[in-house]
Amino acid sequence: MNSQEWVKVWDLPLRVFHWLLVAAFFAAYLTEDDFLTQHVWAGYLVFGLLIFRLVWGFIGNQYARFSNFLCSPGQSISYLKDMIALKSRRYLGHNPAGAAMIVLLLVSLLLTVISGFAVYGADQGAGPLAGIVDFRHEKLWEEVHEFFANFALLLVVVHILGVAVGSYIHRESLVKAMIHGYKRLSDK
């Protein structure tokens, strides 16, 4: 890649985080009832990755930092309207819709993990909430856990659609950028 035309946007830690999160979430989602040990370990991995991302949001490179891309809901909605009209502005880092998606995914996944800890503590008497969560509330925690896991899956689908539309509008592969880390410096 010619350094005049391409810029490193996504650093290696962020890219590894992203793809490990994809793998861990789907491993947890697909092992829901039948493989409890694998489900729990995948959930722990998701939790560890979320902690990493929160820290990296403050100390990572400029494109990974929350201060670089977090914006108001109004800016995200305005960007989405432009995106639907196929005339959204191109960003090197996260665009306002991506910023909203990151917040929604981080919160949803965190609530999925915490409610999973509660289920595990109530049902198995194990995990970080063992002895804290009463077994009588297990069904409630299961419902909360399933809701947020399914909501996270819906967000993933919306995220993939957004990546596809953004890639189309700006004539660049956002998936490839999340693999090798580079994006074109200019719009054209």
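Residues numbered from 1 in each chain as written. Predicted model: local features only at pLDDT ≥ 70, side-chain atom pairs only at ≥ 80, totals over all residues. Heavy atoms only, no water.

### A few points about the overall build of the protein chain
1) Next: In terms of regular secondary structure, the protein chain is built from seven helices and two strands.
2) Next: Across the protein chain, helices and strands are ordered from the amino to the carboxyl terminus as β-α-α-α-α-α-α-α-β.
3) Next: Structurally, the protein chain occupies a C-alpha span of about 60 × 30 × 30 Å along its principal axes.
4) Next: Evaluated residue by residue, the protein chain yields a buried proportion of 38% over its 188 residues.
5) Next: Considering only contacts within the protein chain whose residues lie at least 6 apart along the sequence, 69% involve residues at least 24 apart.
6) Next: Working note: accessible area of the protein chain is about 11000 Å², and carbon and sulfur atoms make up 67% of it.
7) Next: For the protein chain, the centre of its 15 positive side-chain charges and the centre of its 14 negative side-chain charges are spaced 18 Å apart. (Helix = DSSP H or I, 4+ residues; strand = E, 2+ residues; numbered from the N terminus. Buried < 20%, exposed > 50% of the residue type's maximum accessible area, 1.4 Å probe, protein only. Contact = heavy atoms within 4.5 Å. Areas by Shrake-Rupley, 256 points an atom, 1.4 Å probe, with all protein chains shown as cover. Lys, Arg positive; Asp, Glu negative; His and termini not counted. Charge placed at Lys NZ, Arg CZ, Asp CG, Glu CD.)

### Regarding the nonpolar core
1) Next: One finds Trp10, Leu14, Leu21, Val46, Leu50 and Leu109 to be the most contacted residues of the largest nonpolar core, which totals 28 residues.
2) Next: When contributions to this core are tallied by element, the ones reaching two or more residues are α1 (12-30), α2 (36-59), α3 (66-69), α5 (96-124), α6 (138-170) and α7 (174-180).
3) Next: For this core, the leading source of residues is α5, giving eight residues.
4) Next: With residues near it in sequence (within four places) discarded, Leu50 still touches Phe17, Leu106, Leu109, Leu110 and Val113. (Core = buried A, V, L, I, M, F, W, Y, C linked by side-chain atoms within 4.5 Å.)

### Comments concerning the side chain of Arg184
1) Next: The residue Arg184 is located in strand β2 (residues 182-184) in this model.
2) Next: Relative accessible area serves as the criterion here: at 15%, Arg184 is assigned to the buried category.
3) Next: Only 3.0 Å separates the side chain of Arg184 from the backbone oxygen of Arg171, close enough to count as a polar contact.
4) Next: Excluding its chain neighbours within four sequence positions, the residues that come into contact with Arg184 are Glu5, Trp6, Arg90, Leu92, His170, Arg171 and Glu172. (Polar contact = N/O pair within 3.5 Å; in protein donor to acceptor, adjacent residues only side chain to side chain.)

### A look at α5
1) Next: Counted at 1.5 Å a residue, the expected span for α5 with its 29 residues is 42 Å, and the 41 Å between its end C-alpha atoms agrees.
2) Next: A distance of 2.9 Å separates the backbone nitrogen of Ala97 from a side-chain oxygen at the start of α5, and that oxygen is part of Asn95.
3) Next: Immediately downstream of α5, the backbone of Gly125 shows phi near 65°, a positive value. (Expected span 1.5 Å × (residues − 1).)

### Some words on α2
1) Next: With 24 residues, α2 should reach 34 Å at 1.5 Å per residue; the first-to-last C-alpha distance of 35 Å fits that figure.
2) Next: Within α2, burial applies to His39, Val40, Ala42, Gly43, Val46, Leu49, Leu50, Arg53, Trp56 and Gly57.
3) Next: Those residues of α2 hidden inside the fold are in contact with α1, α3, α5 and α6.

### Digging into the pattern of salt bridges
1) Next: Tallied over the full model, the rule gives six salt bridges.
2) Next: Linking Arg90 and Glu172 is a salt bridge whose minimum nitrogen-to-oxygen distance equals 3.0 Å. Residue Arg90 is located in the loop between α4 (73-84) and α5, and its partner Glu172 is located in the loop between α6 and α7; the two are separated by 82 residues in the primary sequence. There is no split in this pair, since Arg90 and Glu172 are both buried.
3) Next: The salt bridge involving Glu172 is made with Arg184; its shortest N-O contact spans 4.0 Å. Here Glu172 is found in the loop between α6 and α7, whereas its partner Arg184 is found in strand β2, with twelve residues between them in sequence.
4) Next: In this structure, a network of salt bridges that share partners links the residues Arg90, Glu172, Lys183 and Arg184. (Salt bridge = Lys/Arg side-chain N within 4 Å of Asp/Glu carboxyl O.)

### Let's talk about a negative patch on the surface
1) Next: Taken together, the side chains of Glu32, Asp33, Asp34, Glu143 and Glu146 present a region of like negative charge at the surface.
2) Next: Here Asp33 shows up in the loop between α1 and α2.
3) Next: Classification of Asp33 as exposed rests on a relative accessible area of 63%. (Patch = residues over 30% accessible without salt bridge, like charges linked within 9 Å, V, L, I, M, F, W, Y side chains within 5 Å.)

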